[in-house]
Amino acid sequence: MPGIDATKPFVPVGIAVLTVSDTRTLADDRSGDVLAQRIEEAGHRLAARNIVPDDRDRIAAQVMAWTHARDIDVVITTGGTGFTGRDVTPEALEPMFEKRMEGFSAVFHRISYDKIGTSTVQSRATAGLINATFVFVLPGSPGACKDAWDGILQQQLDYRHMPCNFIEIMPRLLEHLKRGNS
């Protein structure tokens, strides 16, 4: 059964939150606030937070910079996953994924379906690895951020979560480079 192994220590990681929006500021960024609060309540470090407009190059540049930062292990973006002309977060980030996390989108939609029904199909939530950094691309609504954190990320970013979690595999994300394979 999945759950927390209380004999293992909690291992905090550095998490950056990027809100993608043409209109939000830090003063009214409810989705970013939801994520920042949950990150800190879980015992992790909010390593960085920023807002960029719906612009592929700016989204990609900010995420790429964070994936090279030594104190950032995870990047979570919120916003820009819909179908309007300005929604370009998946287009900005998916080409940079070294490995795509297909299961994240499937589980996110399963959780979301229970709350908003078929409207979940309007989200292009996705996830993958960039420079051995986990990158999660969430919709811009506070509810979607709560669903993703509470239903997936809180457990998978907890070293104590069994039978497996993202934290325990972090040291092995670059092992292909040690073997000389690409």
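Source: prediction; values computed, not measured. (Residues numbered from 1 in each chain as written. Predicted model: local features only at pLDDT ≥ 70, side-chain atom pairs only at ≥ 80, totals over all residues. Heavy atoms only, no water.)

1. Considering the sheet that holds strand β4 (residues 74-78)
Next up, step 1: Taken in spatial order, the six strands make up an open sheet running β3-β2-β4-β7-β6-β5, and their pairing is mixed. Each of the sheet's edge strands pairs with one partner strand only, and the pair in question is β3 (45-52) and β5 (99-100).
Next up, step 2: Where strand β6 (residues 126-130) meets strand β7 (residues 133-138), five bridges bridge the pair, whose relative direction is antiparallel. Within β7, the position partnered with A127 by the bridge is F136. (Pairing = 2+ DSSP bridges. Helix = DSSP H or I, 4+ residues; strand = E, 2+ residues; numbered from the N terminus.)

2. What to know about the environment of L93
Next up, step 1: On the secondary structure map, L93 appears in helix α3 (residues 89-93).
Next up, step 2: Using a relative accessible area of 0% as the deciding quantity, one classes L93 as buried.
Next up, step 3: Sequence separation of L93 and I59 is 34 residues, and the distance between their C-alpha atoms is 7.7 Å.
Next up, step 4: Excluding residues within four positions of it along the chain, L93 makes contact with I59, A60, V63, T77, I130, V135 and V137. (Buried < 20%, exposed > 50% of the residue type's maximum accessible area, 1.4 Å probe, protein only. Contact = heavy atoms within 4.5 Å.)

3. Let's talk about helix α4 (residues 102-116)
Next up, step 1: Over its 15 residues, α4 extends 21 Å from the first C-alpha to the last, a length consistent with the 21 Å expected when each residue adds 1.5 Å.
Next up, step 2: Listed in full, the buried residues belonging to α4 are F104, S105, F108, H109, I111 and S112.
Next up, step 3: Buried positions along α4 lie against β6, β7 and α5 (142-156).
Next up, step 4: Positive backbone phi, approximately 65°, marks G117, located one or two places after α4. (Expected span 1.5 Å × (residues − 1).)

4. Some words on α5
Next up, step 1: In this model, α5 (15 residues) spans 20 Å end to end at C-alpha, consistent with the 21 Å of a helix rising 1.5 Å per residue.
Next up, step 2: The largest bend along α5 reaches roughly 45° and is located at W149.
Next up, step 3: Among the residues of α5, P142, A144, C145, D147, A148, W149, I152, L153 and Q156 are the ones counted as buried. (Bend = angle between axes of the 7 residues up to and from the residue.)

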